[in-house]
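Tertiary structure, described
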Amino acid sequence: MSSPSKRREMDVMKLMMSDYKVEMVNDGMSEFYVEFHGPRDSPYQEGTWKIRVELPDAYPYKSPSIGFVNRIFHPNVDEMSGSVCLDVINQTWSPMFDLINVFEVFLPQLLLYPNPTDPLNGEAAALMMRDREHYEQKVKEYCERYAKLEDIGRRAEEDSTDDELSEEEDCMSSDEEMAGHADP
């Protein structure tokens, strides 16, 4: 690839041509929203989230910033800001990855295999470790209350700011690799 800007354009266009609904924030290709559905066979399967994506100037050599706009109950997502704690985005990002990987592999794995030992949401982590059934019930309640198609844009103008997206300092470092495989 001849330049990061060409790679950025190619990755955004690839995402737009996929099954994801992409909403550009401005004329550039550095900031946009993606409609993301929870993975099947998980307590998140009925949820639909608006994900804010910001691509740095150095993308793909520097990872994108990812954040949930509408609320989600998950140990590795800050409930109020939507910040995501995901090692592959925050610490181990590689230019070999692209935006399709984020939405088809990384975010589904985050929802399928939460890591309660590296939390941004201590309440979700504690509940998951203490009472998995009650945790999954609360996840489903949040999906019903905050993650329906009509809820997608609700928080965007009210509480979303640039510093709420995933950044390296938002996560404790973890040497653990992601467990399992993404659902096909």
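Once a new chain begins, its residue numbering starts again from 1 and follows that chain's sequence as written. A pLDDT threshold of at least 70 governs which residues receive local features in this predicted model, and a stricter bar of 80 or more applies before side-chain atom pairs are shown or counted, although totals over entire chains, interfaces and linings include all residues. Based on all heavy atoms of the structure, the side-chain values leave hydrogens and waters out of the count.

Quick note on the threshold: UniProt positions are given in the numbering used here, feature names are shortened, and annotations may be inferred rather than shown by experiment.
Per an unreviewed UniProt entry, the recorded name for the protein is E2 ubiquitin-conjugating enzyme, and the organism is Ceratodon purpureus. Comment text from UniProt for the protein, heading Sequence similarities (unreviewed entry), reads "Belongs to the ubiquitin-conjugating enzyme family."

**Some remarks on the UniProt feature "active site" (unreviewed entry) in the protein**
Let me state the cut-off plainly: Helix and strand labels come from DSSP, where a helix needs a run of H or I of at least four residues and a strand needs a run of E of at least two; each type is numbered from the N terminus. Relative accessibility decides the category of a residue: with a 1.4 Å probe and only protein chains considered, values under 20% of the type maximum give buried, values over 50% give exposed, and everything between is partly exposed.
As annotated by UniProt and renumbered to match this structure, "active site" (unreviewed entry) occupies Cys-85. Looking at the secondary structure, you find Cys-85 in the loop between strand S4 (65–68) and helix H2 (87–90). When its relative accessible area of 5% is taken as the criterion, Cys-85 is described as buried.

**Some words on the nonpolar core**
Definition in use: Put simply, a nonpolar core is a bunch of buried Ala, Val, Leu, Ile, Met, Phe, Trp, Tyr and Cys residues held in one set by side-chain atoms that sit within 4.5 Å of each other. The contact criterion used is simple: two residues touch if any of their non-hydrogen atoms lie within 4.5 Å.
Grouped together as the largest cluster of nonpolar side chains are 40 residues, with contacts concentrated most on Trp-49 and Phe-103. Listing elements by their share of this core, those giving two or more residues are helix H1 (4–17), strand S2 (31–37), strand S3 (48–54), S4, H2, helix H3 (99–112), helix H4 (122–130) and helix H5 (132–146). Among the elements that take part in this core, H3 stands out by supplying eight residues, more than any other. Discounting residues that sit within four places of it in the chain, Phe-103 has contacts with Leu-15, Tyr-20, Val-34, Phe-36, Ile-51, Val-53 and Pro-108.

**Observations concerning the pairing of S2**
As a reminder of what qualifies: Any two strands with at least two DSSP bridges between them are considered paired.
Burial within S2 is extensive, with six of its seven residues counted as buried. In terms of strand pairing, strand S1 (residues 22–24) meets S2 through three bridges, oriented antiparallel. Bridge assignment links Met-24 to a residue of S2, and that residue is Phe-32. A loop of six residues connects S1 with S2, the two strands running antiparallel in sequence.

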